[in-house]
Structure formats: C-alpha cells, structure tokens
Amino acid sequence: MIITETKDIDKIKHVLCDPEIYDRIADDGAPALEDFEPIPPCDGVYYLTDENNIGIVFFHWKNHITLEGHVQILKAHRNDAMEFSKKALQWAWDNTQAMKIVVTIPEIYKDVLKFVEKHGFVYEGLSKGSYLKNSVLYSLVYMGLSR
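Going along each chain's sequence as written, the residues are numbered from 1 onward. Restriction of local features to residues with pLDDT of at least 70 applies here, the model being predicted, together with a cutoff of 80 or more for giving and counting side-chain atom pairs; totals for whole chains, interfaces and linings are based on all residues. Side-chain measures here rest on the full set of heavy atoms in the structure, leaving out hydrogens and waters.

Points about the environment of Ala32
In plain terms, the rule: Segments assigned H or I by DSSP are reported as helices when at least four residues long, segments assigned E as strands when at least two residues long, and all are numbered from the N terminus. Exposed residues in this analysis have more than 50% of their type's maximum accessible area, buried residues have under 20%, and partly exposed residues fall in between, with area computed by a 1.4 Å probe over protein chains only.
One can find Ala32 in the loop between α2 (19-25) and β2 (45-50). Since its relative accessible area comes to 34%, Ala32 is described here as partly exposed. Through-space distance from the C-alpha of Ala32 to that of Tyr22 is 9.4 Å; in sequence the pair is 10 residues apart.

Right under this line is the structure:
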C-alpha cells in the first residue's frame, strides 16, 4: 500500500460522501449528504489516499507545528485501516514540519478512540457538551501524538 497526496475532489468525495461515513462525520449542523462539499485541497490542507482509494486522511494545520488529522476508511476495507493510517501518519512526519498531530473525536465513537490509541495517541482533554448529534449533546475528546 502506497499513500500519496490527492487533489482529486471526486476521490475525496467518494470516501467522505459514502453514506455510512457521512453519517458518522456529520453533526446536526452539517449539510445534507447531497449538498456536502469538502474543504478544497489547497496550501496547508492535505488529503491522502492509496492506489485503491480505500480511505481518506485529511490533515490541516492548527498552527505552524501542529496538524489536525481525520481518517475515514470505507467499511469494506476496514481490515486495512491500521496499515493505511500508520502510513498516513508516516507521510505527515516525512512531508511536513509537524511536531504534533492532534485529533478531536466525539465521545460516542469509542471504536475510533481505541483505534487512535493503537497508533500512540494519548488523551489530552475533554470539551464537555460541544458536539450535537441526533439532538443529543456529547463531549469531544482531544488526543495527541508527538513526533
């Protein structure tokens, strides 16, 4: 598996607009699936995929040394998620000046929290009641990984 940067909006939307994925990434304020437009690839915004487009990792700068990351893997390819994500993290370390990568995960996604812990991310904080999903307030969990 080779991870590369993509600027192909159709590849990006193929993953992010998958109904199962979009349901998980969209909060109550998100547009309807058919109206969703991802942030366009540009300086400081990186979309990574592999040769089979099994998923997307989206990185964007929080400040000059910290990237925020988001990973989405199509359900049929979740067996490859660990390898995909590991290689995407390595891409970030090799191709940017990042000293840290952070993630923000709604507390309701326990599977995602466990997944990022397996990559070495550690708990850094909680923003209580800051995520609205299906009319229920949840907390956001902040986790980080340093170089």
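Read on, since the account is not over.
A word on the sheet that holds β2
What counts is decided by this rule: Strands are labelled as partners when DSSP assigns at least two bridges between them. Orientation is described by axes fitted as lines to C-alpha atoms, over the contacting stretch for helices, and by angles from 0 to 180 degrees between their N-to-C directions.
Taken together, 7 strands build an open sheet; the order of strands is β1-β2-β3-β4-β5-β7-β6 and the sheet is mixed. With partners counted over all chains shown, the strands left at the sheet margins are β1 (3-6) and β6 (122-133), one partner each. The average undirected angle you get between the axes of adjacent strands in this sheet is 30 degrees. Bridge analysis of β1 against β2 gives 4 bridges, and the strand direction is antiparallel. When the bridges of β2 are listed, Thr4 appears paired with Thr49.

Digging into the packing of aromatic side chains
Using the following cut-off: Only rings of Phe, Tyr and Trp enter the pairing, Trp through its six-membered ring, and a pair is recorded when the two centres are within 6.5 Å. The plane angle decides the type: under 30 degrees is stacked, over 60 is edge-to-face, the rest tilted.
Within the structure shown, the criterion is met by 4 aromatic pairs. Both rings, one in Tyr47 and one in Phe58, keep their centres 4.9 Å apart while their planes meet at 25 degrees; by these two values the pair is stacked. Of this pair, Tyr47 sits in strand β2 while Phe58 sits in strand β3 (residues 55-61), and the two are 11 residues apart along the sequence. Phe58 gets classed as buried once you look at its relative accessible area, which sits at 14%. Put simply, the rings of Tyr46, Trp61 and Trp91 pair up and form one aromatic cluster.

Observations regarding the nonpolar core
What counts here: Grouping buried Ala, Val, Leu, Ile, Met, Phe, Trp, Tyr and Cys residues that are joined through side-chain atoms within 4.5 Å yields what is termed a nonpolar core.
In terms of nonpolar packing, the biggest core is built from 29 residues, with Phe59, Ile101, Phe121 and Met143 touching the most fellow members. Broken down by secondary-structure element, the contributors of at least two residues to this core are β2, β3, β4 (66-73), α3 (81-95), β5 (100-106), α4 (110-118) and β7 (136-146). Ile12, Val15, Ile21 and Ile56 belong to the second-largest nonpolar core, a separate cluster that totals 13 residues.

Topic: the pattern of salt bridges
Convention followed: Salt bridge, as used here, is a side-chain nitrogen of Lys or Arg placed within 4 Å of a carboxyl oxygen of Asp or Glu.
Per the counting criterion, the structure on display carries 7 salt bridges. Among the ionic pairs, Arg24 bridges to Asp111, the shortest N-O distance being 3.0 Å. Of this pair, Arg24 sits in helix α2 while Asp111 sits in helix α4, placing them 87 residues apart in sequence. The exposure class assigned to Arg24 is partly exposed, which follows from its relative accessible area of 25%.

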